[in-house]
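A closer look at the structure
One-letter residues, chain by chain:
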Amino acid sequence: MNIINLTRDHDEDFVHRVEEESGQKVSLCYQCGNCTAGCPYTFAYDIPVSQIMRLVQMGQKKTVLSSKSIWLCATCESCTTRCPNNIDVACIMDVLRHMARREGLAAVPQVKTFWDSFLDSVRAHGRVFEMGLLINYVTKTGRFWTDMDLGPKILPKGKLALKPHDIQGKEHVARIFERFDRESNS
């Protein structure tokens, strides 16, 4: 068990930034535990959702942004649905993941690599190109044989196109990425 000095490590600016970026008031969480009880991934988390919320309230930036939990969250919104104070806990988890990315932290590198591969695909094609995503992810992670047995089952069914589909509105998606790039660099 890790002992955290709540007074020495308190970062009030972190609390305000989480609230500002998420639009949520973290002080409304009174630790009922419904979020943790409903989370399908609690078994895999290093820190349960309710404890993440408490650590955010206590300004424990380093502990929170270094946790595996924020990367393993599937944003299924089970926690949000169960919250008696209507806190969008899933949104807070997303914000924490984005903050960790900006700080260069990735407690579960394979998840970050998947996200990066997914966004690269959407940026290039206006939507996800599954085969390209798969190749990009496998190349970056070196996980060549993972799920290889699924290929012969999926390819004949046409579930994975060998080349990307053209879509309408690709220029609109490109503008979203351009705006993101501008805002990230300013």
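Residues numbered from 1 in each chain as written. Predicted model: local features only at pLDDT ≥ 70, side-chain atom pairs only at ≥ 80, totals over all residues. Heavy atoms only, no water.

What follows concerns the packing of helix α7 (residues 89–102) against helix α8 (residues 109–125). Look at α7 against α8: their axes get within 13 Å of each other, and the N-to-C directions meet at 90°. The angle between the axes of α7 and α8 places the two elements in the roughly perpendicular class. Between α7 and α8, the residues in contact are Arg97, His98 and Arg101 and Lys112, Trp115 and Asp116, respectively. Taken together, the residues of the contact of α7 with α8 break down into 1 nonpolar, 1 polar and 4 charged. (Axes fitted to C-alpha atoms, helices over the stretch in contact; angles between N-to-C directions. Helix = DSSP H or I, 4+ residues; strand = E, 2+ residues; numbered from the N terminus. Parallel < 35°, antiparallel > 145°, perpendicular 65-115°, else oblique. Contact = heavy atoms within 4.5 Å. Nonpolar A, V, L, I, M, F, W, Y, C, P; charged D, E, K, R; others polar.)

Here is the idea: a disulfide is a covalent bond, and it sits between the sulfur atoms of two cysteines. Tallied over the entire structure, the rule returns 0 disulfides. Free of any disulfide, Cys39 has its nearest neighbouring cysteine sulfur in Cys76, separated by 6.0 Å. Not engaged in a disulfide, the cysteine Cys83 finds its nearest cysteine sulfur in Cys32; these two sulfurs lie 6.2 Å apart. Here Cys83 falls in the buried class, since its relative accessible area comes to 14%. (Disulfide = S-S within 2.5 Å. Buried < 20%, exposed > 50% of the residue type's maximum accessible area, 1.4 Å probe, protein only.)

With that settled, the discussion passes to a nonpolar patch on the surface. A contiguous nonpolar surface patch, about 240 Å² in accessible area, is contributed by Phe114, Phe118 and Leu119. Here Phe114 shows up in helix α8. Take Phe114: its relative accessible area is 36%, and that puts it in the partly exposed class. (Patch = residues over 30% accessible without salt bridge, like charges linked within 9 Å, V, L, I, M, F, W, Y side chains within 5 Å. Areas by Shrake-Rupley, 256 points an atom, 1.4 Å probe, with all protein chains shown as cover. Salt bridge = Lys/Arg side-chain N within 4 Å of Asp/Glu carboxyl O.)

With that out of the way, let us pick up the side chain of Ser117. Relative to the helices and strands, Ser117 resides in helix α8. Not counting residues within four places of it along the chain, the set of residues in contact with Ser117 comprises Leu133, Asn136, Tyr137 and Lys140.

Glancing now at the packing of aromatic side chains. Under the defined criterion, the tally for this structure stands at 2 aromatic pairs. With a centroid separation of 6.4 Å and an interplanar angle of 65°, the aromatic rings of Trp71 and Trp115 are classed as edge-to-face. Here the residue Trp71 occupies a position in helix α5 (residues 69–72), and Trp115 occupies one in helix α8, the gap between them amounting to 44 residues. Residue Trp115 is classed as partly exposed on the basis of its relative accessible area of 24%. Seen in terms of ring centroids, Phe114 and Tyr137 are 5.8 Å apart; in terms of plane orientation they differ by 75°. Their pairing is edge-to-face. A residue pair is termed long-range when its members are at least 10 positions apart, and Phe114 in helix α8 and Tyr137 in helix α9 (residues 130–141) qualify at 23 residues. (Phe/Tyr/Trp six-rings, centres within 6.5 Å; stacked < 30°, edge-to-face > 60°.)

Before going further, it helps to examine α9. For α9, spanning 12 residues, the distance from its first C-alpha to its last is 16 Å, which sits close to the expected 16 Å at 1.5 Å a residue. Elements in contact with the buried residues of α9: α8. A positive backbone phi angle near 75° is found at Gly142, which sits one or two residues after α9. (Expected span 1.5 Å × (residues − 1).)

So, on to the domain arrangement of the protein. Taken as a whole, the protein is organised into domain 1 (12–102) and domain 2 (109–185). Computed over C-alpha atoms, the centres of domain 1 and domain 2 are 27 Å apart. Contact residues are listed per partner, giving 5 residues for domain 1 and 4 residues for domain 2. Both sides of the domain 1 and domain 2 interface together cover about 460 Å² of buried area, and 70% of this is carbon and sulfur. Of all residues in domain 1, Trp71, Arg97 and Arg101 bury the most surface against domain 2, accounting for 85% of the area lost on that side. At the junction of domain 1 and domain 2, the tally comes to 1 salt bridge. Between Asp116 and Arg101 there is a salt bridge, with the nearest N and O atoms lying 2.5 Å from each other. Inspection of the domain 1/domain 2 interface yields 1 residue pair in polar contact (both at pLDDT 80 or more). If you tally residues by element for the side of domain 1 that touches domain 2, the top one is α7, at 3 residues. In terms of residue class, the side of domain 1 that touches domain 2 is built from 2 nonpolar, 1 polar and 2 charged. (Domains from an automatic or database assignment. Buried area = accessible area lost by both parts, 1.4 Å probe. Polar contact = N/O pair within 3.5 Å; in protein donor to acceptor, adjacent residues only side chain to side chain.)

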